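Residue-level structural notes
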Amino acid sequence: MTSRTAQITRDTLETRIQVTLNLDGQGRGEFATGVPFLDHMLDQVARHGCIDLSIQADGDRHIDDHHTVEDIGIALGQAMAQAVGDKQGIRRYGHAYVPLDEALSRVVVDFSGRPGLQYHVTYPRDRIGRFEVELFEEFFQGFVNHARVTLHLDCLRGRNAHHIAETLFKAFGRALRMALEPDPRMQGVMPSTKGVL
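Reading the values: the criteria
Residues numbered from 1 in each chain as written. Predicted model: local features only at pLDDT ≥ 70, side-chain atom pairs only at ≥ 80, totals over all residues. Heavy atoms only, no water. Helix = DSSP H or I, 4+ residues; strand = E, 2+ residues; numbered from the N terminus. Expected span 1.5 Å × (residues − 1). Buried < 20%, exposed > 50% of the residue type's maximum accessible area, 1.4 Å probe, protein only. Polar contact = N/O pair within 3.5 Å; in protein donor to acceptor, adjacent residues only side chain to side chain. Pairing = 2+ DSSP bridges. Axes fitted to C-alpha atoms, helices over the stretch in contact; angles between N-to-C directions. Contact = heavy atoms within 4.5 Å. Phe/Tyr/Trp six-rings, centres within 6.5 Å; stacked < 30°, edge-to-face > 60°.

Further remarks concern helix α3 (residues 135-147). Along its 13 residues, α3 runs 18 Å from first to last C-alpha, staying within 8% of the 18 Å computed at 1.5 Å per residue. What α3 keeps buried is the set L135, F136, F139, F140, G142, F143, V144 and A147. Once α3 finishes, R148 follows within two positions and takes phi at roughly 60 degrees, a positive value.

In this model, helix α4 (residues 161-180) (20 residues) spans 29 Å end to end at C-alpha, consistent with the 28 Å of a helix rising 1.5 Å per residue. Of all 20 residues making up α4, 16 are buried, and the element is well covered by its neighbours. Among the residues of α4, the N-terminal cap falls to N160, whose side-chain oxygen and the backbone nitrogen of H162 are separated by 2.9 Å.

Read from one edge of the open sheet, four strands run β1-β2-β4-β3, paired in mixed fashion. With one partner strand each, in any of the chains shown, β1 (5-11) and β3 (29-32) form the two edges of the open sheet. Taken over all neighbouring pairs, the strand axes of this sheet differ in orientation by 5 degrees on average, direction set aside. Along the sheet, helix α1 (residues 36-49) contacts β3 and β4 (52-59); its crossing angle with β3, the most-contacted strand, is approximately 160 degrees.

In this section: the packing of aromatic side chains. Taken as a whole, this structure holds 11 aromatic pairs when the rule is applied. Arranged with centres 5.0 Å apart and planes meeting at 40 degrees, the rings of F140 and F169 form a pair that is tilted. On the criterion of sequence distance, the pair formed by F140 in helix α3 and F169 in helix α4 is long-range, its members being 29 residues apart. An aromatic cluster of three or more residues is present, and its members are F37, Y119, Y123, F131, F136, F139, F140, F143, F169 and F172.

Listed below in structure tokens is the structure:
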């Protein structure tokens, strides 16, 4: 399998985002997005996905965090699509359940080539620190649209908003890791009866 890396720069009037990733990494993360809680969550994706991931962002945060968070999801999705390539030889599907104390989340991903998001998460409060929790869905929608994956995120239980978010992002990383792993039995084979994804 060839090198599965990507570098993306997304430059708009609202944000400038730079993403570098290596799907076959060691789980190293480097983040400077200006949104500290999102940095913490992205670090979970890198660590649990065994993806080397660097994201730098400069956005119109004097307005709010919406454009920055959404555009990070978009740029990460673009980088993921570029790094995955034609998808030959990968497992394609991944899933994970992750607990953290009272919280439990499930994430299922399919590198189907068809963007689709099912986001079923309820938080007991609107913010975690300064971070507006509704922006998580915007992040995942941006990712899904540009990575061209089907993604189901479900929080099965939880009372603590921080725990809920952390279980989601850890499970997201683990599901990505499973889906993106090379399958030795499918080497050089497209994981679809259509012959293309």
